[in-house]
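A closer look at the structure
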Amino acid sequence: MKTITVAITGASGIAYSLRLMELLLQAGHRVYLVYSSAAQFVAAQECGVTLSPKVAETRQMLLNRYACKPEQLQVFAREDWMAPMASGTGATDAMVVCPCTMGALAAIACGMSDNLIERAADVMLKEQKKLILVPRETPFSAIHLENMLKLARLGAVILAPNPGFYHLPASIEDIVDFVVAKILDQLQVEHQLMARWGEAG
Ligand SMILES: Cc1cc2nc3c(=O)[nH]c(=O)nc-3n(C[C@H](O)[C@H](O)[C@H](O)COP(=O)(O)O)c2cc1C
């Protein structure tokens with residue numbers, strides 16, 4: 001069983017993180033969730049999902065939604081400095097910032113550590129553990145690209161949510177699953193979301 005930090009920031013594409021958490025929990029892994037205040041707004045707008053300022057309420061909502069074991073899911077406030085992933089001694093196996101705003105990208109690239117999302121990402125970098133960023137913006141400015149390059153050189157995985165269409169998606173869910181499959185591959189978590197290239201569908 002892996003423990004994965006999932007950080008949701010206020011970029012478009014909340015559906016990716018909801019599906020990612022679903023599959024991680026279904027596969028028996030443990031998720032530590034943290035989200036920004038902008039994410040609360042975008043989640044409500046895009047998915048009709050309430051990421052409450054009260055993390056206990058969000059945890060209960062997600063336990064109901066995913067029907068997982070309570071010990072598989074912890075939700076932390078963005079200012080919770082006592083959260084395990086705020087320290088190298090409690091660093092999780094991997095961290096995914098999904099979706100990742102350009103603001104969060106910049107803060108992580110600068111090592112700001114001003115909230116739990118930024119701090120946990122900074123911990124992953126300093127501990128040389130897997131940090132996956134799913135940056136969402138278009139077009140990218142040179143600032144965005146420089147931040148991504150800096151982080152890629154530090155070992156972070158820049159996993160832009162660019163769906164392929166060669167699997168002939170028939171729904172938004174198929175497009176979401178394409179991106180989530182790429183994240184799960186990076187996490188080395190088994191999945192059956194789509195046939196691999198060269199395999200029969
Ligand atoms: C509906 C909505 C969609 C947004 N989409 C994006 C986006 O795709 N990428 C991005 O960088 N910012 C986006 N933003 C702006 C961020 O939410 C804003 O910069 C915020 O300060 C980011 O804070 P955070 O990084 O703490 O979540 C969006 C905002 C709203 C309200």
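Throughout what follows, the structure given in this document is the object of discussion. (Residues numbered from 1 in each chain as written. Predicted model: local features only at pLDDT ≥ 70, side-chain atom pairs only at ≥ 80, totals over all residues. Heavy atoms only, no water.)

Topic: the sheet that holds strand β4 (residues 94-100)
The condition is simple: Whether two strands pair comes down to DSSP finding at least two bridges between them. Strands are runs of DSSP state E lasting at least two residues, helices are runs of H or I lasting at least four, and both sets are numbered from the N terminus onward. Two residues qualify as a contact provided that any one of their heavy atoms is within 4.5 Å of a heavy atom in the partner residue. Throughout, an axis means a line fitted to C-alpha atoms (over the contacting stretch in the case of helices), and angles, computed between N-to-C directions, take values from 0 to 180 degrees.
Ordered in space as β3-β2-β1-β4-β5-β6, the six strands form an open sheet in which the pairing is parallel. If you trace the sheet from one side to the other, it starts and ends with β3 (73-76) and β6 (157-158), each paired once. When strand β1 (residues 3-8) meets strand β2 (residues 30-35), the two strands line up parallel, connected through six bridges. Bridge assignment links Val-6 to a residue of β2, and that residue is Leu-33. This element, helix α1 (residues 14-26), spans β1, β2 and β4 of the sheet and lies at about 165° to β1.

Section: the packing of helix α4 (residues 102-109) against helix α6 (residues 142-153)
Inclusion rule: Under this scheme an angle from 65 to 115 degrees is roughly perpendicular, one under 35 degrees roughly parallel, and one over 145 degrees roughly antiparallel; angles in between are oblique. By convention, the crossing between two helices is left-handed when the near helix turns anticlockwise from the far helix through less than a right angle, and right-handed when the turn is clockwise. The residue classification treats Ala, Val, Leu, Ile, Met, Phe, Trp, Tyr, Cys and Pro as nonpolar and Asp, Glu, Lys and Arg as charged. All others, Gly included, are polar.
At their nearest, the axes of α4 and α6 sit 9 Å apart, and the two run at 45° to each other. Comparing their axes, α6 and α4 come out oblique. Here α4 runs over α6; the crossing is left-handed. For the pair α4 and α6, the contacting residues are Met-102, Leu-105, Ala-106, Ile-108 and Ala-109 in the first and His-144, Asn-147, Met-148, Lys-150 and Leu-151 in the second. When the residues that make up the contact of α4 with α6 are grouped by side-chain class, the tally is seven nonpolar, two polar and one charged.

Focus: the site of the ligand
Going by this rule: Being near a molecule or strand, for a residue, means having at least one of its heavy atoms within 4 Å of it. In protein, a polar contact means a hydrogen-donor-capable atom and an acceptor-capable atom, both N or O and within 3.5 Å, with residues adjacent in sequence counting only if both atoms are side-chain atoms; elsewhere, any N or O pair within 3.5 Å suffices. Each accessible area is a Shrake-Rupley estimate made with a 1.4 Å probe; only the visible protein chains count as cover when residues are assessed.
Neighbouring the ligand are 15 residues, the closest being Gly-10, Ser-36, Thr-101, Met-102 and Arg-136. Within the side chain of Ser-36, an N or O atom sits 2.6 Å from an oxygen atom of the ligand. In the model, a nitrogen atom of the ligand is placed 2.6 Å from a nitrogen or oxygen of the Arg-136 main chain. In the complex, the protein chains occlude 64% of the 640 Å² of accessible area that the ligand would expose alone. Elements with a minimum of two residues in the shell around the ligand: α2 (37-47) and α4.

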